[in-house]
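Below, each chain spelled out in residue letters.
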Amino acid sequence: MSEKKDVVLEVDNLRIDIPVSAGLLHPVRGISFDVSRGETLCIVGESGCGKSLTSLAIMGLLPKNADRQADRLNFLGKDIRDFDERQMAKLRGVKMGMIFQEPMTSLNPSYTIGNQLEEVYLRHMSSNRLEARERAIFLLDKVGISSAGSRLGQYPHQLSGGLRQRVMIAMALMCGPDLIIADEPTTALDVTIQAQILHLLAELQSDFDMAMVLITHDLGIVARVADKVQVMYAGRTVEEGNCEAVFDKPLHPYTSGLLRCIPVPGKTQPGEKLGTVPGVVPNLVGDLNGCMFRNRCEFATDECKELAETPTVLENGHAYTCRLKPDEMEPSTGGRL
Amino acid sequence: MLAYTLKRIVVAFLILLVVSGLTFSLSHLSADPALTIAGEQASDEDIEAVRKLYGFDRPVIEQYVNWLSRALQGDFGKSYHYKAPVVEMISGRIGTTMTLGFLAIVFALVISIPLGTLAAMRPNSIIDRFALLIAVFGQALPTFWFALMMIILFGVWFRWLPISGNTTWAHFVMPTIALGYYATPALMRLTRAGMIEVLSSDYIRTAKAKGLSPVSVLFKHALRNAIIPVVALAAVWFGFMLGGSIVIETIFNLKGIGWLSYDALLRSDLPVVQAIVLIFASFYVILTLLSDLLNAYLDPRISVR
């Protein structure tokens, strides 16, 4: 790599296959991205587009029957494609931390917060309980939990959802990871708490100089924290680029459809209807051909059925997978943010 | 936790009181005890005399209070048949029954928890099928038949184990297996079901994402949560084994409480029956209390509900 960027994670052509009763399911069909230290990549897409599976694939936490393939899966310069469970366990929790969607059920109800925070430190760092405890208090304080010392003795059921998610974040940070993967970290929380948690994540990411992969379906979140955006549809990337480029000028009809779904302060008029993307995500079982978005796309033609899903890359790195030329979609439905 | 413990103890005490009342009244309703004591050839005057002597002519409430207050002091009266103090008859035999029940439940747990866990780790694998096979056999085989088969095989053919009596530890091997095996299927299937559910839970995924060792994920994070219903069931089974080992005690000629209660029932030996029922009811109540407290320790949410 010519740039000085310190690349933490490189994923090239990641594919996941899961055998189901109807045949072979292809939930992820060739995803590529990289994230560097201090950078936030947002993976956006609706439910079932494969974004959560992508994150689990990186962590090596896919269900046993899922088959993961990739042309490249490098973490901190090491190829982790053939890492076994023992080798992956040495990366998870230390070098890569993960924050899940469900703070209410992601903590073990039987152990105190302190126990669950300390165990990850004790497992990976050669240290004693006292140091682990200090680290836990430091991080609880860091994630904005007051009287951290006394919280250590509390059980998850004594905390609210927002607090639990803060604990989950602190837990992911215990060993100072290089990469943090947050899978819809705010989806299960109250709207007011969502913003707080998001600010917290962004702040911690720059404080600890980590690479962050943030998985979400909320474009409002993306606009606020992302450096790079990757829009996923039906297991593939349909559009990617840096945050401004994608928001200013979405080139794929799906991205522009998503952008029309959210109100913009100052631009959306009272009483104006927000957009929708009609239809549902396609079934990804068996052999798939052509553009998978064609059934929901207002620009679709017969050509789209045959289309190879190869991205068009513009000079600023902004890439999209559609037969339309960059200005063909405008001005009728172009980006409005 | 302290408030919860106190609450459970008060409830347990109330249950015991109700049980004592039921025990007392039921055995009085079932037959006229004076008739039993006096014997079949007794005249009406004899029966009336016995009734007076034992206080059966008094109001039931008064009899109950007298009986209970003596029972609380450890005096359950004398056996009608053996004329010996009930307490002595029971205390001489309870050790055998307790030993057998304890060994049997430990045997059942030692078999069922690891096997249930292994089965849950790989559902529908060879191990799972094997565990299921063991469970089906345990459920289907009548205890007495299984015990007799063991006696023929290990006692008669191979002559490895003694088949009758309770003088050495070797005497307890076959009774323990026969009694414990009966409890194994339920405990194992419950462990398996609990583990399968827990292993797919979010917090197990979290534990894996933390890079914890498989041992820690399985035993620290999963088993503790999966075991909670097993603890409650094991307590019930233990109570059942103490009171329900009549068949096993008879087959292996272990003269424990089960054997005594069978004998006492046949003879309508009321004080013995009452004492045994009360003691086993107390065991049940105490075991349930202990399992509740253990569960509250395992899952701190329980003491909040």
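Residues numbered from 1 in each chain as written. Chains lettered and ligands numbered in written order. Predicted model: local features only at pLDDT ≥ 70, side-chain atom pairs only at ≥ 80, totals over all residues. Heavy atoms only, no water.

## Notes on the overall build of chain B
Here comes step 1: Summing up its helical and strand segments, chain B has 14 helices and zero strands in all.
Here comes step 2: Mapped from its N terminus to its C terminus, chain B presents α and β elements in the order α-α-α-α-α-α-α-α-α-α-α-α-α-α.
Here comes step 3: Dimensions of chain B, computed from the C-alpha atoms along their principal axes, are close to 85 × 55 × 30 Å.
Here comes step 4: Burial status across chain B gives 46% buried among its 305 residues.
Here comes step 5: Working note: accessible area of chain B is about 15,700 Å², and carbon and sulfur atoms make up 70% of it.
Here comes step 6: The averaged location of the 18 negative side-chain charges in chain B is 18 Å from the averaged location of its 23 positive side-chain charges. (Helix = DSSP H or I, 4+ residues; strand = E, 2+ residues; numbered from the N terminus. Buried < 20%, exposed > 50% of the residue type's maximum accessible area, 1.4 Å probe, protein only. Areas by Shrake-Rupley, 256 points an atom, 1.4 Å probe, with all protein chains shown as cover. Lys, Arg positive; Asp, Glu negative; His and termini not counted. Charge placed at Lys NZ, Arg CZ, Asp CG, Glu CD.)

## Description of helix H14 (residues 270-298) of chain B
Because each turn of an α-helix spans 3.6 residues, side chains separated by three or four positions in sequence point in the same direction.
Here comes step 1: The end-to-end C-alpha separation of H14(B) is 41 Å, in line with the 42 Å expected for 29 residues at 1.5 Å each.
Here comes step 2: A large share of H14(B) lies buried, amounting to 21 of its 29 residues. (Expected span 1.5 Å × (residues − 1).)

## Points about the packing of aromatic side chains
Here comes step 1: Taken as a whole, this structure holds 14 aromatic pairs over all chains when the rule is applied.
Here comes step 2: Ring centres 5.4 Å apart and planes at 85 degrees place the aromatic pair B:Trp237 and B:Phe240 in the edge-to-face group. Of this pair, B:Trp237 and B:Phe240 both sit in helix H11 (residues 228-243), three residues apart, which is roughly one turn of that helix.
Here comes step 3: Here B:Trp237 falls in the buried class, since its relative accessible area comes to 15%.
Here comes step 4: By relative accessible area, B:Phe240 is classed as partly exposed at 38%.
Here comes step 5: Within the aromatic cluster, the residues linked to one another by ring pairs are A:Tyr233, A:Tyr254 and A:Phe293.
Here comes step 6: Its end group placed over the ring of A:Tyr111, B:Lys220 keeps NZ or CZ at 4.9 Å from the ring centre. (Phe/Tyr/Trp six-rings, centres within 6.5 Å; stacked < 30°, edge-to-face > 60°. Lys NZ or Arg CZ within 6 Å of the ring centre and 35° of its normal.)

## Remarks on the interface of chain B and chain A
Often the size quoted for an interface is simply the accessible area lost on bringing the parts together.
Here comes step 1: Taken together, the contacts link 22 residues of chain B with 28 residues of chain A.
Here comes step 2: Summing the contributions of chain B and of chain A, the shared interface buries around 2,100 Å²; its carbon and sulfur component is 54%.
Here comes step 3: Scanning the region where chain B abuts chain A turns up two salt bridges.
Here comes step 4: One salt bridge in this structure joins A:Glu119 and B:Lys210, with 2.8 Å as the shortest N-O distance. (Contact = heavy atoms within 4.5 Å. Buried area = accessible area lost by both parts, 1.4 Å probe. Salt bridge = Lys/Arg side-chain N within 4 Å of Asp/Glu carboxyl O.)

## With respect to the domain arrangement of chain B
Here comes step 1: Taken domain by domain, chain B comprises domain 1 (2-72) and domain 2 (91-266).
Here comes step 2: Here the C-alpha centroids of domain 1 of chain B and domain 2 of chain B sit 35 Å apart. (Domains from an automatic or database assignment.)

## Let's talk about the pattern of salt bridges
Residues and elements named next belong to chain A.
Here comes step 1: Per the stated rule, a full pass over the model turns up 22 salt bridges over all chains.
Here comes step 2: Two residues, Arg37 and Asp6, come together in a salt bridge whose shortest N-O distance is 2.7 Å. In this pair, Arg37 is assigned in the loop between strand S2 (23-36) and strand S3 (40-44) and Asp6 in the segment before strand S1 (7-20), connecting sequence segments 31 residues apart.
Here comes step 3: The partly exposed category is assigned to Arg37, whose relative accessible area is 28%.

## With respect to unusual backbone geometry
Here comes step 1: Even without a glycine there, the phi angle at A:Ala234 is positive, about 50 degrees.
Here comes step 2: Topologically, A:Ala234 is positioned in the loop between strand S10 (228-233) and strand S11 (236-242).

## With respect to the layout of surface pockets
Here comes step 1: In this structure, the largest pocket spans a volume of roughly 1,200 Å³.
Here comes step 2: Residue lining of the largest pocket: 32 residues in total, with A:Leu61, A:Leu62, A:Pro63, A:Lys64 and B:Lys208 positioned closest to the centre.
Here comes step 3: Elements represented by at least two residues in the lining of the largest pocket include exactly helix H2 (85-91) of chain A together with helix H5 (86-121), helix H8 (170-199), helix H9 (202-209) and helix H10 (214-226) of chain B.
Here comes step 4: If you tally residues by element for the lining of the largest pocket, the top one is H9(B), at four residues.
Here comes step 5: Of the residues contributing to the lining of the largest pocket, the split by class is 18 nonpolar, four polar and 10 charged.
Here comes step 6: Roughly 500 Å³ of volume is contained in the second largest pocket.
Here comes step 7: Lining the second largest pocket are 25 residues, and of these A:Ser32, A:Gln230, A:Glu240, A:Gly317 and A:Ala319 sit closest to its centre.
Here comes step 8: At the level of secondary structure, the elements contributing two or more residues to the lining of the second largest pocket comprise S2, S10, S11 and strand S13 (319-320) of chain A.
Here comes step 9: The element contributing the most residues to the lining of the second largest pocket is S11(A), with seven residues.
Here comes step 10: Residues of the lining of the second largest pocket, tallied by class, amount to nine nonpolar, 10 polar and six charged. (1 Å grid on protein atoms, 1.4 Å probe; cavity = no way out; pocket = protein on both sides within 12 Å on 5 of 7 lines; lining within 4 Å. Points joined across faces, edges and corners; volume = space filled by probe spheres on them. Nonpolar A, V, L, I, M, F, W, Y, C, P; charged D, E, K, R; others polar.)

## Some words on the sheet that holds S3(A)
Note on sheets: strands pair through backbone hydrogen bonds, and any given pair is parallel or antiparallel.
Residue and element names in this part refer to chain A.
Here comes step 1: The strand order across the open sheet built from eight strands is S7-S8-S9-S3-S10-S11-S13-S12, with neighbouring strands paired in mixed fashion. The sheet is open, and its two edges are formed by strand S7 (96-99) and strand S12 (312-313), each paired on a single side.
Here comes step 2: Here two bridges tie S11 to S13, and the two strands are oriented antiparallel to one another. By the bridge assignment for S13, Glu240 is matched with Ala319.
Here comes step 3: Across the face of the sheet, helix H6 (residues 161-173) comes into contact with S7 and strand S8 (179-183) while running at roughly 170 degrees to S7. (Pairing = 2+ DSSP bridges. Axes fitted to C-alpha atoms, helices over the stretch in contact; angles between N-to-C directions.)

## Notes on the packing of helix H13 (residues 257-266) of chain B against H14(B)
The geometry of a pair of packed helices is captured by two quantities: the angle between their axes and the separation between those axes.
Residue and element names in this part refer to chain B.
Here comes step 1: Contact geometry for H13 and H14: axes closest at 9 Å, N-to-C directions at 140 degrees. When the axis of H13 is compared with that of H14, the two are oblique. The hand of the H13/H14 crossing is left-handed. Here H13 contributes Ile257, Leu260, Ser261, Ala264 and Leu265 to the contact with H14, which in turn contributes Val272, Val273, Ile276 and Phe280. (Parallel < 35°, antiparallel > 145°, perpendicular 65-115°, else oblique. Left-handed = near helix turned anticlockwise from the far one by under 90°.)

## Description of helix H10 (residues 253-260) of chain A
All names here are of chain A.
Here comes step 1: In terms of burial, H10 is a largely internal element, seven of the eight residues being buried.
Here comes step 2: Listed in full, the buried residues belonging to H10 are Pro253, Tyr254, Thr255, Ser256, Gly257, Leu258 and Leu259.
Here comes step 3: The inward-facing, buried residues of H10 abut S3, helix H8 (219-225), S10, S11 and helix H9 (243-248).

## Some remarks on the confidence of the model for chain A
Here comes step 1: Mean pLDDT over chain A: 87, with 96% of residues reaching 70 or higher.
Here comes step 2: Residue range residues 331-337 of chain A is modelled with pLDDT below 50. Its contacts to residues more than four positions away, or to other chains, number 20 contacts. (pLDDT = per-residue confidence, 0-100.)

## Digging into the packing of H6(A) against helix H7 (residues 191-207) of chain A
All names here are of chain A.
Here comes step 1: Contact pair H6 / H7: the axes reach a minimum separation of 10 Å and the direction vectors enclose 15 degrees. One finds that H6 runs roughly parallel with respect to H7. The handedness of the crossing between H6 and H7 is right-handed. Residues Gly162, Gln165, Arg166, Ile169 and Leu173 of H6 pack against Ile193, Gln196, Ile197, Leu200, Leu201 and Leu204 of H7.

## Focus on the environment of A:Pro63
Residues and elements named next belong to chain A.
Here comes step 1: Relative to the assigned elements, Pro63 resides in the loop between helix H1 (51-59) and strand S4 (67-69).
Here comes step 2: Given the relative accessible area of 39%, Pro63 is considered partly exposed.
Here comes step 3: Along the chain, Pro63 and Leu53 lie 10 residues apart, while their C-alpha atoms are 9.4 Å from each other.

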